[in-house]
Amino acid sequence: MQGTDVQSAGGQPSSNGSTPHTRRAPAELLRVEGVSKEFKVGGGVVTALRSVNLQLREGEFIAIRGRSGAGKTTLLNIIAGLDDPTHGRIVLFGRDLANVKEGERTAIRRNEMGFMFQAAHLIPTLTARENVGLLLRLSNTSAAEREQRASEALALVGLGERQQHRAPELSGGEQQRVAIARALVHAPRLVLADEPTGNLDTHTGLAILDLLRNVAHNAGIGFIITTHDPQASAIADAVYDISDGVLSPGQK
Ligand SMILES: Nc1ncnc2c1ncn2[C@@H]1O[C@H](COP(=O)(O)OP(=O)(O)OP(=O)(O)O)[C@@H](O)[C@H]1O
Ligand SMILES: [Mg+2]
């Protein structure tokens, strides 16, 4: 007899090492190495980040908790290449951002990254589907394909029935789900979400985090969210605390 032998399945890997599927380790999406950030203000210096190290792989959903002013947005801006570290480096999709010029950074953000913020920032006169499809105009996607992909993204966040609603005709949680669909519609590899549940009640906020985590796991997308919400830790794969610019592994 060959093949799977139920009797011998005792949790030990087979000695010949052969497996029917070779599982590829999730690829690294991001490495933050010794990143510090100082802002010069007036005659003084504000240190917003201090020797931050962080790594993120495909399909990983991590939360960064910290109080107002701790450095969360500064870190996300630097990861997105919107600002440069004072010391240290960012390796994004295998490339040292120090060697990536502005135009190319814009292209990386547009094509490979998704963004979410505390407010959904929907255009009130457009329908949910039009809001989601808007960014695809930048990549010259045809109207038919924009509609199709926006519909799929809305279905993914459970809003298949709300496609024709305009922003004021949606609840706060629904608006934020439209913002998720918008962040995902171009199939990014990494999503940065700066307090995506900040405007929502606890129950709705947790439902949104749960949805984001499932998307991360199912689609293999990396997610970094920042939050004030202590409960986010229950949902994230890993949690970090940031305090006065110092990032450290947090308790789940
Ligand atoms: N462009 C800037 N120039 C000078 N100081 C800045 C700048 N951006 C941020 N800071 C300072 O850096 C620190 C971190 O700010 P940051 O916006 O990253 O905090 P945060 O954790 O996102 O806070 P919040 O939860 O309120 O959004 C703060 O002390 C802030 O005043
Ligand atoms: Mg912030």
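Residues numbered from 1 in each chain as written. Chains lettered and ligands numbered in written order. Predicted model: local features only at pLDDT ≥ 70, side-chain atom pairs only at ≥ 80, totals over all residues.

## What to know about the site of ligand 1
As a structural note, the neighbourhood of ligand 1 is formed by Phe 39, Val 41, Val 46, Ala 48, Gly 66, Ser 68, Gly 69, Ala 70, Gly 71, Lys 72, Thr 73 and Thr 74. Looking at the shell around ligand 1, the elements that each hand over two or more residues are strand 1 (28-41), strand 2 (44-57) and helix 1 (72-79). Looking at side-chain class alone, the shell around ligand 1 contains 5 nonpolar, 6 polar and 1 charged residues. (Near = placed C-beta within 6 Å. Helix = DSSP H or I, 4+ residues; strand = E, 2+ residues; numbered from the N terminus. Nonpolar A, V, L, I, M, F, W, Y, C, P; charged D, E, K, R; others polar.)

## Focus: the pairing of strand 9 (residues 238-243)
Pairing of strand 3 (residues 61-65) with strand 9, which is carried by 4 bridges, proceeds in the parallel orientation. If you follow Ala 63 over to strand 9, its bridge partner there is Val 239. Relative to strand 10 (residues 246-249), strand 9 is paired through 4 bridges, and the arrangement is antiparallel. Paired with Ile 242 across the strands is Leu 247, a residue of strand 10. Where strand 9 folds back on strand 10, the antiparallel hairpin that results is connected by 2 residues, among which Asp 244 adopts a positive phi of roughly 50°. (Pairing = 2+ DSSP bridges.)

## Digging into the sheet that holds strand 6 (residues 113-116)
On the basis of which strands lie adjacent, the open sheet formed by 6 strands has the order 6-7-8-3-9-10 and mixed pairing. Two strands bound the open sheet, and with one partner strand each, they are strand 6 and strand 10. Pairwise comparison of adjacent strand axes, ignoring direction, gives a mean angle of 20° for this sheet. Where helix 5 (residues 172-184) meets the sheet, it contacts strand 6 and strand 7 (190-194), and its direction lies at approximately 165° from that of strand 6. Lying on the sheet, helix 6 (residues 202-219) is in contact with strand 3 and strand 8 (222-227); it crosses strand 8 at an angle near 160°. (Axes fitted to C-alpha atoms, helices over the stretch in contact; angles between N-to-C directions. Contact = placed C-beta atoms within 7 Å.)

## Considering the sheet that holds strand 5 (residues 95-96)
A sheet is described by the order of its strands in space; here 4 strands give the open sequence 2-1-4-5, paired in antiparallel fashion. Each having just a single partner strand, strand 2 and strand 5 make up the two edges of the open sheet. As paired elements, strand 4 (residues 87-92) and strand 5 share 2 bridges and run antiparallel to each other. If you follow Val 91 over to strand 5, its bridge partner there is Asp 96. Strands strand 1, strand 2 and strand 4 of the sheet are contacted by helix 1, whose axis makes an angle of about 120° with strand 1.

## Focus on the environment of Asn 218
With respect to the secondary-structure elements, Asn 218 resides in helix 6. Separated by 133 residues in the primary sequence, Asn 218 and Pro 85 place their C-alpha atoms 32 Å from one another.

## Considering helix 6
If you check helix 6, its first and last C-alpha atoms are 25 Å apart, about what 18 residues at 1.5 Å a residue would give, namely 26 Å. For helix 6, the complete set of buried residues consists of Gly 205, Ile 208, Leu 209, Leu 212, Val 215 and Ala 216. For helix 6, the buried positions fall inside an angular range of 120° around the axis, keeping them on one side. Turned more than 90 degrees off the buried face of helix 6, the exposed positions are His 203, Asp 210 and Asn 218. Buried residues in helix 6 make contact with strand 3, helix 5, strand 8 and helix 7 (232-235). A positive backbone phi angle near 70° is found at Gly 220, which sits one or two residues after helix 6. (Expected span 1.5 Å × (residues − 1). Buried ≥ 20, exposed ≤ 12 C-beta atoms within 10 Å, placed from the backbone. Arc of directions from axis to C-beta.)

## Description of helix 1
Here helix 1 lies mainly inside the structure; 6 of its 8 residues are buried. Taken residue by residue, helix 1 has Lys 72, Thr 74, Leu 75, Leu 76, Ile 78 and Ile 79 as its buried positions. Taken from the residues just after helix 1, Gly 81 is the one with a positive phi, measuring 75°.

## Some words on unusual backbone geometry
Phi angles above zero are rare outside glycine, and Asn 140 is one such case at about 60°. Mapped onto the secondary structure, Asn 140 falls in the loop between helix 3 (128-133) and helix 4 (143-156). You can call Asn 140 exposed: it has 6 C-beta atoms within 10 Å. Even without being a glycine, Asp 244 presents a positive backbone phi close to 50°.

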